[in-house]
Amino acid sequence: MLELITLIATILIPPLGVALKKGLSTDFWINLVLTLLFFVPGLIHGIYVNYLKGGGRAIA
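Bear in mind the structure is a predicted one, so any value in this text is a computation, not a measurement.

Conventions and cut-offs
- Residues numbered from 1 in each chain as written.
- Predicted model: local features only at pLDDT ≥ 70, side-chain atom pairs only at ≥ 80, totals over all residues.
- Heavy atoms only, no water.
- Salt bridge = Lys/Arg side-chain N within 4 Å of Asp/Glu carboxyl O.
- Helix = DSSP H or I, 4+ residues; strand = E, 2+ residues; numbered from the N terminus.
- Buried < 20%, exposed > 50% of the residue type's maximum accessible area, 1.4 Å probe, protein only.
- Axes fitted to C-alpha atoms, helices over the stretch in contact; angles between N-to-C directions.
- Contact = heavy atoms within 4.5 Å.
- Nonpolar A, V, L, I, M, F, W, Y, C, P; charged D, E, K, R; others polar.

Visitor: Please explain the pattern of salt bridges as it appears in this structure.
Guide: Two side chains that carry opposite charge are able to pair once their charged atoms sit near each other. Under the defined criterion, the tally for this structure stands at two salt bridges. Across the pair Lys21 and Glu3 runs a salt bridge whose closest N-O atoms are separated by 3.3 Å. Residue Lys21 is located in helix α2 (residues 14–22), and its partner Glu3 is located in helix α1 (residues 2–12); the two are separated by 18 residues in the primary sequence. Of the residues examined, Lys21 reaches a relative accessible area of 11% and is grouped as buried. The salt bridge partner of Lys53 is Asp27, with a shortest N-O separation of 3.4 Å. Here Asp27 lies in helix α3 (residues 26–37) and Lys53 lies in the segment after α4 (39–52), a separation of 26 residues in the sequence. Overall, the relative accessible area of 34% leaves Lys53 in the partly exposed class. Among the residues examined, Asp27 registers a relative accessible area of 15% and is labelled buried.

Below you can see the structure in the form of structure tokens.
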């Protein structure tokens with residue numbers, strides 16, 4: 001269920017989705033800047049970070 005919520009948050013509000021999956025890491029701040037500049041780069045980065053990039057979860 002949390003994966004579905006994270007996916008929906010990543011699509012609607014990319015920084016929230018990244019924060020749910022990775023915590024307030026560097027990826028979150030990069031995504032926030034990209035989303036504030038223009039929504040599509042933030043969305044692409046959020047999907048990349050949450051679902052394509054390797055690595056573990058910051059939040060258990």
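Visitor: How do you make sense of the packing of α1 against α2 when you look at a structure like this?
Guide: For any two helices packed against each other, one specifies the crossing angle of their axes together with the interaxial distance. Packing of α1 against α2 leaves a shortest axis separation of 5 Å and a crossing angle of 145°. Of α2, the residues touching α1 (which contributes Glu3, Thr6, Ala9, Thr10, Ile11 and Leu12) are Pro14, Leu16, Gly17, Leu20 and Lys21. Across the contact of α1 with α2, the residue classes tally to six nonpolar, three polar and two charged.

Interpretation note: all reported values are geometric properties and have no functional meaning in isolation.
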